[in-house]
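Analysis of the macromolecular model
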Amino acid sequence: MSILSLNKVSMSWGGPLLLDEVNLEIDRGERIGLLGRNGTGKSTLMRILVGEIEPDDGQIVRENGLRVARLAQEVPLHRGGTIAEVVADGLADLGPKTRTALGDTVDGDAHTDEWEAEHAVERVLSRMKLDGEVAFDTLSSGMTRRVLLARALVAEPDILLLDEPTNHLDIDAISWLERFLKGYDGTLIFVTHDRVFLQALADRIIEIDRGRLFDWTCDYATFLKRKQAALDAEEQQNREFDRKLAEEEVWIRQGIKARRTRNEGRVRALKKMREERRQRRQQLGNVRMQAVEAERSGRLVVEATEISFAYGDHVVVKNFSTLITRGDRIGIIGPNGSGKTTLLKLLLGDLVPAEGKVRHGTRLEVIYFDQLREQIDEEKTVVENVGDGREMLLIGGKQKHIYGYLQDFLFTPERARRPARFLSGGERNRLLLAKLFTKPSNVIVLDEPTNDLDTETLELLEELVTNYSGTLLLVSHDREFLNNVVTSTLAFEGDGEVKEYAGGYDDYLRARAETESPVVDSAKAVKKPQTAQPSGDRPARLHYNERKELEELPHRIDELEQRQSKLHDEMASPEFFKQSGSVIAEAKSRLETIEQELAELYARWEDLESRK
């Protein structure tokens with residue numbers, strides 16, 4: 001039996017309905033991933049579930065005494081007080097509609113006495129390994145999130161709502177949160193753009209799309225397959241409907257016979273089809289991104305030799321060396337505050353190392369997506385931020401009007417005329433991407449680009465940087481993004497030490513595990529000599545592009561072998577040598593070229609397979 005249900009609930013903020021007579025049943029113990037494009041109403045639905053706002057229409061039924069808590073995206077600024085005091089606020093004024101520290105509501109019983117409150121706070125502090133005496137304002141973003149989660153949990157809610165809980169967390173904090181929530185025995189409903197987090201936790205997917213709720217009882221990977229099949233079926237159905245409507249429109253224009261009594265039913269059916277077509281809500285389009293590529297840089301992009309840097313006594317980077325060449329895609333990972341942005345600035349020349357030297361290559365054209373979005377002028381409109389006074393932009397070698405360009409980034413003309421300060425987090429990210437991609441570049445630097453982007457935009461950004469022929473430097477906590485994009489990873493490992501690993505985040509984890517695993521049994525080491533090798537002697541693991549190449553190699557080899565076989569058949573024919581000498585020589589040359597290519601592909605296949 002459900003503990004919370006929605007029956008024909010509708011909600012709008014003045015525009016199209018965000019929720020259009022939706023129904024939803026939530027059972028105890030479920031882990032629900034809530035998906036949808038930016039602006040489709042995910043946060044609105046959460047606020048309805050928690051009781052913070054009432055829908056325009058419909059019915060909400062809650063189990064008697066049901067407690068619901070929500071951890072919102074926004075972190076309160078200058079909150080003050082100790083960790084224990086912030087957590088205790090989650091118990092304040094328990095009653096039919098009680099506020100949590102984030103402005104959320106909890107449905108509960110009568111007032112909890114002081115002893116019970118202290119005991120509940122101590123219990124949750126212990127469970128989440130928090131020191132209640134530490135000042136809240138001194139915490140890192142990861143620890144701040146942990147405290148706010150403790151605050152939401154202290155009242156022991158039956159349903160916990162999390163809105164983008166991984167935003168601004170480092171990978172260690174995200175991994176901790178994953179492990180913690182796997183052990184949580186209440187009902188969990190969460191919004192996230194982190195695909196690894198979603199796959200690890202969700203056993204049911206609820207998607208908001210064009211005002212409707214779609215219920216998928218499966219994990220995220222299965223949802224993606226089923227969703228694509230559903231979209232294909234919808235597209236086919238719409239095409240068939242539009243074809244039928246077009247036929248009826250031709251019929252109605254044929255003249256007087258359409259208005260005879262015996263055809264009135266058909267006329268009414270046509271009017272109904274027209275109304276149905278008018279009411280159809282099109283799926284929100286995808287962002288269309290295109291980076292304007294400058295002249296190719298020189299082969300060398302950046303060479304750092306034994307560089308060190310510190311802020312006072314705090315060592316950020318110590319004796320670090322690397323060589324970055326054209327086309328490299330470098331990921332940079334590490335805890336919040338470890339110095340990832342500082343390392344970027346050292347490599348780009350914005351900071352001068354205290355020791356060592358940094359050498360830059362020639363013809364570098366750099367665009368920089370900064371973590372704090374400081375390149376956006378809050379008082380200027382979207383058009384003014386992107387166009388810098390120009391109505392026409394040169395994109396991909398073609399002139400494009402500024403409003404048409406912004407529509408590629410999902411800004412309507414009305415939205416494009418609004419000041420940047422009114423934009424949501426996802427819109428601000430799209431604005432900065434639109435601004436940067438008007439400029440020619442051969443080096444893209446992305447410092448935490450994935451926060452607040454919906455999954456579709458995230459995947460398109462992935463595709464863009466994967467196909468980008470220049471060089472990429474990427475700071476990110478998004479493990480899937482790192483796995484899909486980067487060719488090597490720079491990892492901060494404490495005390496200013498930065499190490500380089502081949503491949504993406506999963507490759508980094510494997511390399512770390514192998515390095516840290518001691519060889520205990522010499523007999524096993526004989527059977528598996530690779531486990532006894534020093535990590536420095538191992539062949540580099542496959543990065544993303546090499547994995548794709550390995551997948552394609554059998555097809556390329558098969559195609560060449562077919563061409564080789566065809567040529568052999570032609571040359572075996574008695575008629576072949578009756579042709580002119582130039583034709584025979586050209587065929588032999590083609591055969592030699594194919595054999596040479598095959599030999600190279602076989603060698604390449606063997607190399608990649610040995611490193612897989």
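Details of the structure are given in the entry above.
Residues numbered from 1 in each chain as written. Predicted model: local features only at pLDDT ≥ 70, side-chain atom pairs only at ≥ 80, totals over all residues. Heavy atoms only, no water.

1. Considering the overall build of the protein chain
Along its length, the protein chain carries 20 helices and 22 strands. Within the protein chain, the fraction of its 612 residues that count as buried is 47%. Here the contacts in the protein chain between residues at least 6 apart in sequence split such that 68% fall between residues at least 24 apart. A total accessible area of about 31400 Å² is found for the protein chain, and carbon and sulfur atoms account for 49% of it. (Helix = DSSP H or I, 4+ residues; strand = E, 2+ residues; numbered from the N terminus. Buried < 20%, exposed > 50% of the residue type's maximum accessible area, 1.4 Å probe, protein only. Contact = heavy atoms within 4.5 Å. Areas by Shrake-Rupley, 256 points an atom, 1.4 Å probe, with all protein chains shown as cover.)

2. With respect to the nonpolar core
Grouped together as the largest cluster of nonpolar side chains are 46 residues, with contacts concentrated most on Leu406 and Phe437. Take this core: its biggest share by element is five residues, from helix α13 (residues 425–436). Beyond its immediate chain neighbours, meaning those up to four positions away, Leu406 contacts Val382, Val383, Val386, Phe411, Ala416 and Ala434. Residues Ala117, Leu160, Leu181 and Phe190 belong to the second largest nonpolar core, which totals 45 residues. (Core = buried A, V, L, I, M, F, W, Y, C linked by side-chain atoms within 4.5 Å.)

3. Some remarks on the packing of aromatic side chains
Considering all chains together, one arrives at eight aromatic pairs under this definition. Taking 6.0 Å as the distance between ring centres and 25 degrees as the angle between the ring planes, the aromatic pair formed by Tyr220 and Phe223 counts as stacked. Here the residue Tyr220 and the residue Phe223 both occupy positions in helix α7 (residues 220–252), the gap between them amounting to three residues, near one helical turn. With respect to burial, Tyr220 and Phe223 carry one shared label: buried. The rings of Trp216, Tyr220 and Phe223 are connected pair by pair, giving a single aromatic cluster. One cation-aromatic arrangement involves Lys227 over Phe214; the distance from NZ or CZ to the ring centre is 6.0 Å. Note that Arg430 overlies the ring of Phe411, its terminal NZ or CZ placed 5.2 Å from the centroid. (Phe/Tyr/Trp six-rings, centres within 6.5 Å; stacked < 30°, edge-to-face > 60°. Lys NZ or Arg CZ within 6 Å of the ring centre and 35° of its normal.)

4. A word on the environment of Gly334
Topologically, Gly334 is positioned in the loop between β14 (329–333) and α9 (340–348). Given the relative accessible area of 14%, Gly334 is considered buried. Residue contacts for Gly334: discarding those within four places in its chain leaves Asp170, Lys340, His477 and Phe492.

5. A word on the sheet that holds strand β2 (residues 19–26)
Taken in spatial order, the three strands line up as β2-β1-β4 in an open sheet, and their pairing is antiparallel. Two strands bound the open sheet, and with one partner strand each, they are β2 and β4 (57–62). The mean inter-strand angle of the sheet, taken between neighbouring strand axes irrespective of direction, is 10 degrees. With five bridges joining them, strand β1 (residues 4–11) and β4 adopt antiparallel strand pairing. The residue of β4 that forms the bridge with Ser5 is Val61. Each of β1, β2 and β4 is contacted by helix α1 (residues 42–50), which is oriented at about 130 degrees to β1, the strand it contacts most. (Pairing = 2+ DSSP bridges. Axes fitted to C-alpha atoms, helices over the stretch in contact; angles between N-to-C directions.)

6. Digging into helix α4 (residues 141–153)
Across its 13 residues, α4 extends 18 Å between first and last C-alpha, which sits within 8% of the 18 Å expected from 1.5 Å per residue. When you tally the buried positions in α4, you get 11 out of 13 residues, the bulk of the element. Burial in α4 covers these residues: Gly142, Thr144, Arg145, Arg146, Val147, Leu148, Leu149, Ala150, Arg151, Ala152 and Leu153. Those residues of α4 hidden inside the fold are in contact with β5 (68–71), α2 (83–88), α3 (114–127), β8 (159–163) and α5 (171–182). (Expected span 1.5 Å × (residues − 1).)

7. A short note on the pattern of salt bridges
Inspection of the entire model under this criterion finds 27 salt bridges. Glu379 is paired through a salt bridge with Arg421; the nearest N and O atoms lie 2.8 Å apart. Placement of Glu379 in the loop between β16 (366–369) and α10 (382–387) and of Arg421 in the loop between α12 (413–416) and α13 is noted, with a sequence separation of 42 residues between them. Relative accessible area serves as the criterion here: at 53%, Glu379 is assigned to the exposed category. Note on Arg421: relative accessible area 43%, which makes it partly exposed. Arg512 is the salt-bridge partner of Glu493, the closest N and O atoms lying 3.3 Å from each other. On the criterion of sequence distance, the pair formed by Glu493 in the loop between β21 (488–492) and β22 (498–502) and Arg512 in helix α16 (residues 505–516) is long-range, its members being 19 residues apart. Ionic contacts of the salt-bridge type, sharing partners, join the residues Glu207, Asp209, Arg210 and Lys227 into one network. (Salt bridge = Lys/Arg side-chain N within 4 Å of Asp/Glu carboxyl O.)

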